[in-house]
Amino acid sequence: SSGGGSGSRGAALQEVPSYGFVVRQLKKRDMLPAIFFIFSRVGCDQAAEAAAMEKEPLVTDAEKAELRRRLTIFATTHREVASEDRIRLALRGIASHHAGLMPLWKSIVEELFQDNLIKVVFATETLAAGINMPARTTVITSLSKRTNEGIQSLTANELRQMCGRAGRRGKDTVGHSVIMKSRWEGAPEGFTLVTLPADPLVSKFSPNYGMVLNLLEQRPIAECKQIVERSFGSFMAQKKKGIVAEEEVNNEDELDEAVTLLQKVDVDELKQLAKQVERLKSEERVLKFLQLQAAKNSQAVFEDTMPYAAPGTSILLRPVIDPDAGESTGPESAVLIDFAIAASDSPLAFFATLTQGNKLRIVTHQDVVEMALDADLVSIALPASPDDKEGDTMAERLMAKVPPRRNWLKDGPEAFIIDGDVDTFMVAARIPKVATPPAAPEVEAQRKRVEFVRNAVESSPIYRLPERNALLKALRTATQARTKRVPRKQAKAMAVAPVKSGVDGADATAWREFEACAHCLEDFGMIKDANVTSIGRLVGAINADNALWMGVTLLYSDELQALGPHELAAAICCLVAESSRADVFVGFEISPKVQEFVDMSLDMQARLLSVQLSHGVEASIPLDTTYAGLVEAWALGASWAQVVAMTSMQEGDIIRILRRVLDALRQIPRLPFVPGEMGVGAEFRVNARRALTLMDRFPVSDDVTYTVDEAETLDEALADNLKVEMASKLAEKTQGNSAFKAERMGWAADDVPALRDQGGEGDA
């Protein structure tokens, strides 16, 4: 579009072409097959339906007959997962492709597209990376996408990756890329992005526990260092760093001062204090993390519960800061009145409350410390007034005391707390005191650990010296000087021991990460004197995002060893599942034994977190029960239809979770044996095979996208006996479960399919 000022340009951007129109134009210009890139799953499915509204067919009669033949075979062979709606679209030469779909269905869509039977695919951007599915044309439907950080523009590399799918080798002499106009983006934005230079390559190389153990198992540490520093990431880090400059630690005056100061104390004792001080900092960081995690968990419960709590529910609110005194007033008991703004009208739901101090306060779930759901409701009845409207509830009469929404949004935070009157005073007098909830068990245990370390630090004779901070700084200076190859004479004078790796020189980022992982492994006995121990070899054989976390759990959790096969599958899910979204509904509860395993694992999780923080390792330590009930139900023999009906997750997400568990279970029987009582015992390995046998069912495993070797599972007779044993347990688990969970989450059972249809934004 052209001409005019900003007004005409804004109007032009509203002239957004429909998907059907674009598909029609592509067909007219012989530019099919095409891939439309859309940045949400729901958007892909909706666009496919919209394109199918076009009357003009995309496929010939012969192509439609071949589509019907192949899709009939698919539907007959895989009746459990065949979708009538998706097959209907496919017969018109149209399909969607994203992570929420069944892997088998995505596989046949890819085959039909490559055979030029599917003409148009609406896909998320993951299709642009790694899948052999080129097209004659790619269509970019938007130049921005929603991410965890909000709406962001595409990068030059992301655009090139999607455009690069255009043009089929051996079939096309030219490929086409089309950028659709959207409501917010037009030709100028498209031209700007297309003409940007490519983004610089960024290395994603990052040493992990498995890599460290496997390298040290085969090579001396000096050779490991050479290998790591030959990585692209290390090369880029060194290039950015340039020639190693002289740093402050090499300043001779500073070194001399440090040496003089260190001669006044026992250096070994000072090193011990420094180690304890660093441990204290690490333990305090873990405590803060656990406190935030506990608060987040509580807030998630309050967010789900408050919209359904009755008026008159007693709650405890977080303290507010007195603007005059600048001090916190402490938590205050209050009573819930009603919505001030519902969640449908705002990113957060706001609630009107009345505090014991007779103040009307507007709050969100983030302001709540505790809800006394088991206590009697507080009467919020007010004395009769001439202004009362007939039919008003008690809550509505009390809400009339709250200023209009426009006032407290306009006036800012001060308007969120206003003084009550004589009538509300009578209600405030009836509000009971709500006790502050006790700290979570893991928080209390960590607080004791912090206190223990703090006492150890304060008992050191050097800690009581007034110059302790200067001494600790001098020790750091001396250690850094030794690491940076200061002259031999100075190094000897400072009496600083060599670093554990035994390798000098300026460390690249990747090598520092390698050493950090090695130190964590050393703290857990996986490495000793730069050599991998027998239990280290076991952990090194584990393929997981955090092999150390999985390894120490397998080695040291007595609760894990005592689980049945279905419970073991659920427990493994807690250790390997990806982070769950807050709006995920799962209607299966986990067994008490699995919950006990999770509770007992919190201490080990906190310990590993402390070690990782002290050495600077950033590796997630998952312990999430969200999907465990679903995994347990599948292992017990629940049908695919039952599983899908009891969760809001899309089918592709369910498959992905179950396969992650299968991947972990398949590793356990193959782990190296450890001499003596340590290691993974034979009975536990058999139990893992039993769990694997229960999980290995269609459509989680199939003959196309995921298979489990027969040798990995039990023989047929043992498998049949095991499944019979699980059948009665399944009946007990599912009876009345869905209704209970849906009610607790504030959803009706009928809402679950609708929640699943909402899908997710993107493929994550």
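Placed above this text is the structure.
Residues numbered from 1 in each chain as written. Predicted model: local features only at pLDDT ≥ 70, side-chain atom pairs only at ≥ 80, totals over all residues. Heavy atoms only, no water.

## Notes on the sheet that holds strand S2 (residues 94-97)
To summarise the sheet geometry, strands pair through backbone hydrogen bonds and adopt either a parallel or an antiparallel arrangement. Pairing in this open sheet of five strands is parallel, and the strands run S2-S3-S1-S4-S7 from one edge to the other. The open sheet terminates on both sides in strands that have one partner only, identified here as S2 and strand S7 (176-179). Neighbour to neighbour, the strand axes of the sheet diverge by 20° on average, direction disregarded. Sheet topology note: the strand S4 (residues 137-140)/S7 ladder contains four bridges and is parallel. Its bridge partner being in S7, Ile140 is matched across the sheet by Ile179. Along the sheet face, helix H7 (residues 156-163) touches strand S1 (34-37), S4 and S7 and points at about 145° away from the line of S4. (Pairing = 2+ DSSP bridges. Helix = DSSP H or I, 4+ residues; strand = E, 2+ residues; numbered from the N terminus. Axes fitted to C-alpha atoms, helices over the stretch in contact; angles between N-to-C directions. Contact = heavy atoms within 4.5 Å.)

## Quick word on helix H22 (residues 547-556)
Counting buried positions along H22 gives nine out of ten residues, so the element sits mostly inside the fold. If you check which residues of H22 are buried, you get Ala547, Leu548, Trp549, Met550, Gly551, Val552, Thr553, Leu554 and Leu555. (Buried < 20%, exposed > 50% of the residue type's maximum accessible area, 1.4 Å probe, protein only.)

## Notes on unusual backbone geometry
Residues Leu32 and Pro33 are joined by a peptide bond in cis, for which omega reads 5°. If you trace the backbone, Pro33 turns up in the loop between helix H2 (19-28) and S1. Cis geometry marks the peptide bond from Phe698 to Pro699, where omega comes out at 5°. With respect to the element layout, Pro699 can be found in the loop between helix H29 (682-695) and helix H30 (716-734). You will see that Asp30, though not glycine, has its phi angle at about 55°, which is positive. Within the secondary structure, Asp30 is located in the loop between H2 and S1.

## Observations regarding the nonpolar core
Of all hydrophobic cores here, the largest spans 153 residues; its most connected members are Trp105, Met526, Ile572, Leu665 and Met695. Ignoring any residue separated from it by four or fewer positions in sequence, one finds Ile572 in contact with Met550, Val661, Ala664, Leu665 and Ile668. Core analysis: the second largest hydrophobic core is formed by 20 residues, Val22, Val23, Leu32 and Ile94 among them. (Core = buried A, V, L, I, M, F, W, Y, C linked by side-chain atoms within 4.5 Å.)

## Structural notes on the pattern of salt bridges
Applying the stated criterion across every chain, the model contains 29 salt bridges. Put simply, Asp30 and Arg136 hold a salt bridge, and the shortest N to O gap is 3.2 Å. Remark: Arg136 occurs in the loop between strand S3 (120-123) and S4 and Asp30 occurs in the loop between H2 and S1; sequence separation between them is 106 residues. Residue class for Arg136 comes out buried when judged on its relative accessible area of 17%. A salt bridge links Lys281 to Glu278, with the shortest nitrogen-to-oxygen separation between them at 3.6 Å. Here Glu278 and Lys281 lie together in helix H13 (residues 267-305), a separation of three residues that amounts to about one turn. Salt bridges sharing partners connect three or more residues here, namely Asp30, Arg136, Arg168 and Asp172. (Salt bridge = Lys/Arg side-chain N within 4 Å of Asp/Glu carboxyl O.)

## Examining the packing of aromatic side chains
Any pair of aromatic rings gets described here by the distance separating the centres and the angle formed by the planes. Taken as a whole and judged by the stated rule, the model has six aromatic pairs. With a centroid separation of 5.7 Å and an interplanar angle of 80°, the aromatic rings of Tyr19 and Phe122 are classed as edge-to-face. With a gap of 103 residues between them, Tyr19 in helix H2 and Phe122 in strand S3 connect regions that are remote in the sequence. By relative accessible area, Phe122 is classed as buried at 0%. Lying over the aromatic face of Tyr463, Arg468 brings its terminal NZ or CZ to 4.1 Å of the ring centre. Above the ring of Phe673, the side-chain terminus of Arg685 is found at 3.7 Å from the ring centroid. (Phe/Tyr/Trp six-rings, centres within 6.5 Å; stacked < 30°, edge-to-face > 60°. Lys NZ or Arg CZ within 6 Å of the ring centre and 35° of its normal.)

## So, the packing of helix H10 (residues 221-229) against helix H20 (residues 509-523)
It is at 8 Å that the axes of H10 and H20 come closest, and there the two elements cross at 135°. Relative to H20, the element H10 is oriented oblique. Our pair here, H10 against H20, has a crossing hand that is right-handed. Counted together, Ile221, Cys224, Lys225, Val228 and Glu229 of H10 and Ala510, Trp511 and Phe514 of H20 form the full contact between these two elements. When its residues are assigned to classes, the contact of H10 with H20 shows six nonpolar, no polar and two charged. (Parallel < 35°, antiparallel > 145°, perpendicular 65-115°, else oblique. Left-handed = near helix turned anticlockwise from the far one by under 90°. Nonpolar A, V, L, I, M, F, W, Y, C, P; charged D, E, K, R; others polar.)

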